[in-house]
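Summary of the model geometry
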Amino acid sequence: MNCVEQSNETKGSMAQKRDNITLLRNLNAEQRKAVEHVDGPNLILAGAGSGKTRVLTHKIGYLIERKKSPPQNILAMTFTNKAANEMKERVVQLIKGDIRGLWIGTFHANFARILRKNCEKLGYSYNFAIYDESDQLSLIKAIIKDLDILPASKVSPKGIHSKIKFLKNANVTFDEFEKIYQGYVDESLRLVYSHYTKRLKDNNAMDFEDLLLKSIELFTLFPAVLAYYQNMFRYLLVDEYQDTNRLQYDLLKLLSAQYRNISVVGDDDQSIYQWRGADIRNILEFEKDFPECTIFRLEQNYRSTTNILKVAHSIISHNVHRMDKELWTKNDCGEKICLKIATDAYEETNFIIQKIESEIQLNQRNFSDFAILYRINAQSRVIEMALKNSGINYVIIGGVRFYARKEIKDVLAYLKVLVNPKDSISLRRIINYPQRGIGAATFEKIEKYSLQKNISVFEAMKKINEIDSISQTKRQGISEFIYLIEKYLQLKSSISTGELIPALIDDLGILSDLKKEGTHEAYNRIENIRELMFSINEFIKQNPELTLENYLENVALISDIDSLDNKANAVSLITLHSAKGLEFPVVFITGLEEGLLPLARQMAYEHGLEEERRLFYVGVTRAKEKLYLSAAKFRRQPNDNSNGSVSRFLNEIDKSLIEIDRNSYHHASPASRDTQTAKSIIEMENSNQSTARLKPGMLVRHPRFGTGVIRKVDGIGEEVKAYILFEELGEKIIKVKFCKLEILS
DNA sequence: GAGCGGCCTTTTTTT
DNA sequence: AAGGCCGCTC
């Protein structure tokens, strides 16, 4: 990184000078001022690539080395675990001293830690479970079913879930909320919410929001606890401040109230988490809540070319509610940004592959120099296939998250029950896995009984003989299950976790069952479970003092980006959101048309902003040298030739800085293509593009099923399916990949 | 009455 | 890829 050396050193003692040389050497004037300001609140507005992380790490180093602050008096909030680890490493490198005791992690991780210690005061026990999205949803579904009074068709569990989440993140009461968002809160929501709260507590479980909400409750109800932590955290540092929500902000205000030494670092232009409650007002109003605050502005970019910065600025400047600023850089102009206008995702992908290949040939780049960004994970499929065919190494970050896979969740559910037997959601998962002949109906009977008797589901299972409506064979199955769990509950205290888990998996026969299945899918599941066992062992090896409880918490709060291995020589496929904080020499942003501007419109609507805040992700400046944008609809409907978003995009952008590649866009509309390809046999196995040519209404001949008419075409990549109405057989669904269709008209 | 298997739909983004 | 829904079977 080409940082500017500091020339006009401040006057001071020799000792101070020496310290400055070692510690503050790599900072520019404004960065240095921001680092040295540690007493009192300060807001550091740091544009993309302006050395935000550098300032934070130096500040921590400065506090420990120069201010002689014990590490345990510093609390640093990062956005991901990965960022926390990197920051920790960098501080260690910087000061070459001991940073043990430093609190650094995500909001959720830091407050989970505080709650583990103090939650008994709130009626939870230390081994509380953390429910992920699907656990939360299961609970809400169970409640809706249970309440029965709601016409099931009128309430969507997902809708209720997202509303509850939104309410929690905003940290307001129903009544306050109703005033602002009329019609948002209704009786059914109120009812489900109150049951949801109760059931979570019954299960000794918290959702993500509870980790913050219960911390506030703890601090409010027990001022002594608050005082303890206020005193402990003399210095608060917050990264990615623009993406904090109201709840997080309220916590920060509480914790910083005593010493008021709070440093927040953020950039309103990089706020991309409003959909999960991030409140841009936190940054705009920081000055009001901390009137004595000092503001620093970091506007020199060290990362990107001038052209990339200018393009980013020409788009971002159209946003409303924005603090005015413009980044500048000493870097070269660089090449023009390339905008590819493609007909569909296949053409878009071919373009990307061509560019990667030529960059490697002409500029000796490695695979790891490239990132392909998209907005939704499903978009990776087409790209993945094409990269595979071209022999380009790639890694997908995210997608179906490892810890969200069914087999992994199943195994983890056993562990969660062993840690916290009150966890009824995990019990529900495993009661019939492996199959014991106990279905949903039986489980719900047991659940109902537990609610009646006010005991946990686990306790109710132990008393299965008291539940009349359950047949003898089912009682038998449940008793065997209870016996198994109790056996492992005992083993848990006598053997190590490293031994316990393989024994349990073996006892359940999970791997041998999957082996018997023999499918490719089952094989993958086996691999995943092995991978899980390996990761547990690694965790134990690295943290011998930690327990199974700690492992489960770690898993619950992990994110995909945390596992990104920068050393692999592979192209990174990643969502725009996950890519936050990463940088690559060459970046492709795909699906421009589908993804970005419509999203902004929707968010503006949902969050009640008066005006549309057009979020063009400034993440684009994560590109160091070259930026390729591409506009192709991810799932373009057959007759949709619109390019509305792109033309609007073009209106906003400074056209002298971009080069538009619209090659085949005009002369190959879908219709003309069809005529060209009529009567040709399409080799489905080896051509992705051909699958795109199948359109509803086409008459086709299948080698075995005869002729038929395509009703619709669905899916992408390997998954493309055609719904075909055959003359003799009726409708069939054909996996296009595995057959040869002859197009007749 | 319950469980189970097959078929269909649906999926932003994440701690 | 996984959950919802439906119809089949015990």
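Refer to the structure above for everything that follows.
To start, this report covers the structure provided alongside it. (Residues numbered from 1 in each chain as written. Chains lettered and ligands numbered in written order. Predicted model: local features only at pLDDT ≥ 70, side-chain atom pairs only at ≥ 80, totals over all residues. Heavy atoms only, no water.)

For chain A, the count of helices and strands is 30 helices and 21 strands. Burial statistics for chain A: of 745 residues in total, 53% are counted as buried. In chain A, once contacts between residues fewer than 6 apart in sequence are set aside, the share between residues at least 24 apart is 73%. Just so you have it, chain A exposes about 34100 Å², and 49% of that area is on carbon and sulfur atoms. (Helix = DSSP H or I, 4+ residues; strand = E, 2+ residues; numbered from the N terminus. Buried < 20%, exposed > 50% of the residue type's maximum accessible area, 1.4 Å probe, protein only. Contact = heavy atoms within 4.5 Å. Areas by Shrake-Rupley, 256 points an atom, 1.4 Å probe, with all protein chains shown as cover.)

It is worth spelling out the nonpolar core at this point. Of all hydrophobic cores here, the largest spans 50 residues; its most connected members are Y414, I446, M461 and I485. Each residue touching I485, except ones within four places of it in the same chain, is listed here: Y414, V417, L418, I430 and F458. Counting 44 residues, the second-largest nonpolar core is a separate cluster that includes L75, A112, L115 and V238. (Core = buried A, V, L, I, M, F, W, Y, C linked by side-chain atoms within 4.5 Å.)

In this section: helix α15 (residues 306-316). Among the 11 residues of α15, 10 are classified as buried, and the element is accordingly described as predominantly covered. Those residues of α15 that fall on the buried side of the exposure criterion are T306, N307, I308, L309, V311, A312, H313, S314, I315 and I316.

Mapping N261 onto the fold places it in the loop between α12 (246-256) and β7 (262-266). N261 sits in the buried class, given a relative accessible area of 9%. Reaching out from N261, the side chain makes a polar contact with the backbone nitrogen of G40 at a distance of 2.8 Å. Of the polar contacts made by the side chain of N261, one reaches the backbone oxygen of R234; its length is 3.2 Å. Every residue in contact with N261, bar those within four places of it in the chain, is listed here: V38, D39, G40, R234, Y235 and L236. (Polar contact = N/O pair within 3.5 Å; in protein donor to acceptor, adjacent residues only side chain to side chain.)

Here we take up the packing of aromatic side chains. Remark: the centre distance and the inter-plane angle together describe each pair of aromatic rings, the angle taken between the planes. The final tally for this structure, using the stated rule, is 13 aromatic pairs. Between Y241 and Y249, the ring centres sit 6.3 Å apart and the planes meet at 65°, which makes this aromatic pair edge-to-face. Here Y241 falls in the buried class, since its relative accessible area comes to 0%. Exposure remark for Y249: the relative accessible area of 2% places this residue in the buried category. Ring geometry for F402 versus Y403: centroids 5.1 Å apart, planes at 90°, classification edge-to-face. (Phe/Tyr/Trp six-rings, centres within 6.5 Å; stacked < 30°, edge-to-face > 60°.)

With that out of the way, let us pick up the sheet that holds β7. Backbone-to-backbone hydrogen bonds pair the strands of a sheet. The strands run either parallel or antiparallel. If you trace the 6 strands from one edge of the open sheet to the other, you get β3-β2-β6-β7-β1-β8, paired in parallel fashion. Every other strand in the sheet has two partners, leaving β3 (103-106) and β8 (294-298) as the edge strands with one partner each. Across the sheet, the axes of successive neighbouring strands diverge by a mean angle of 15°, strand direction being ignored. Pairing analysis gives 4 bridges linking strand β1 (residues 42-46) to β7, with the strands arranged parallel. (Pairing = 2+ DSSP bridges. Axes fitted to C-alpha atoms, helices over the stretch in contact; angles between N-to-C directions.)

In the vicinity of DNA strand C, the contacting residues are K141, R405, K406 and R525. Here K141 contributes a side-chain N or O atom positioned 2.9 Å from a phosphate oxygen of DNA strand C. Residue R525 places a side-chain N or O atom 3.3 Å away from a phosphate oxygen belonging to DNA strand C. In terms of residue class, the surface near DNA strand C is made up of no nonpolar, no polar and 4 charged. (Near = heavy atom within 4 Å. Nonpolar A, V, L, I, M, F, W, Y, C, P; charged D, E, K, R; others polar.)

Spatial strand order, β11-β12-β10-β13-β14-β9-β15: 7 strands in an open sheet with parallel pairing. Looking at the sheet topology across the chains shown, the edges are occupied by β11 (394-396) and β15 (658-661). Between one strand axis and the next, the sheet turns by 20° as a mean value, whatever way the strands run. Two elements, β11 and strand β12 (residues 571-575), share 3 bridges in a ladder whose sense is parallel. Its bridge partner lying in β12, V395 is registered against S572. Its contacts with the sheet place helix α16 (residues 345-363) against β9 (337-341), β10 (370-374), β12, β13 (584-589), β14 (623-631) and β15, and it is angled at close to 155° to β14.

Here the focus is the pairing of strand β6 (residues 235-238). Because side chains alternate across β6, one face comprises the buried residues Y235 and L237, and the other comprises L236 and V238, equally buried. Relative to β7, β6 runs parallel, the two sharing 3 bridges. Across the sheet, residue V238 finds its bridge partner in β7, namely V264. Read as a crossover between parallel neighbours, the route from β6 over α12 to β7 is right-handed. (Right-handed = clockwise from strand over helix to strand, strands pointing away.)

On to helix α26 (residues 548-556). All buried positions along α26 are accounted for by L548, E549, Y551, L552, E553 and V555. Summarising the contacts, the buried residues of α26 are in contact with α5 (107-118), β4 (129-131), α18 (406-419), α22 (472-494), α23 (497-508) and α25 (520-542).

Viewed as axis vectors pointing N to C, helix α7 (residues 157-170) and helix α9 (residues 187-202) meet at an angle of 75°, and their least axial separation amounts to 11 Å. If you check the angle between α7 and α9, you find them roughly perpendicular. Along its contact with α7, which presents I160, K163, I164, L167 and K168, the element α9 presents L189, V192, Y193, Y196 and L200. Taken together, the residues that form the contact of α7 with α9 break down as 8 nonpolar, no polar and 2 charged. (Parallel < 35°, antiparallel > 145°, perpendicular 65-115°, else oblique.)

Our focus in this paragraph is the packing of α18 against α23. α23 packs onto α18 with a crossing angle of 120° between their chain directions and a minimal axis gap of 11 Å. Here α23 runs oblique to α18, going by the angle between their axes. Crossing hand, α18 versus α23: right-handed. Across the interface between the two elements, V411, Y414, L415 and L418 from α18 touch L500, I501, L504, I505 and L508 from α23. In terms of residue class, the contact of α18 with α23 is built from 9 nonpolar, no polar and no charged. (Left-handed = near helix turned anticlockwise from the far one by under 90°.)

Moving on to the environment of L247. Within the element layout of this structure, L247 appears in helix α12. Along the primary structure L247 and F443 are separated by 196 residues, whereas in three dimensions their C-alpha atoms are 36 Å apart. Among all residues touching L247, those that are not within four sequence positions of it are K168, N169, N171, E209, L212, L213 and I216.

Glancing now at the pattern of salt bridges. If charged atoms from side chains of opposite charge come close, those side chains can pair. By the definition in use, this model includes 38 salt bridges. The residue D210 makes a salt bridge to K168 at a minimum N-O spacing of 2.9 Å. Remark: K168 occurs in helix α7 and D210 occurs in helix α10 (residues 208-221); sequence separation between them is 42 residues. By relative accessible area, which is 4% here, K168 ends up buried. E407 is the partner of R525 in a salt bridge, and the nearest nitrogen-oxygen pair spans 2.4 Å. One end of the pair, R525, is in helix α25; the other, E407, is in helix α18, and 118 residues separate them in sequence. Residue R525 is classed as partly exposed on the basis of its relative accessible area of 23%. Residue classification places E407 among the buried positions, given a relative accessible area of 4%. (Salt bridge = Lys/Arg side-chain N within 4 Å of Asp/Glu carboxyl O.)

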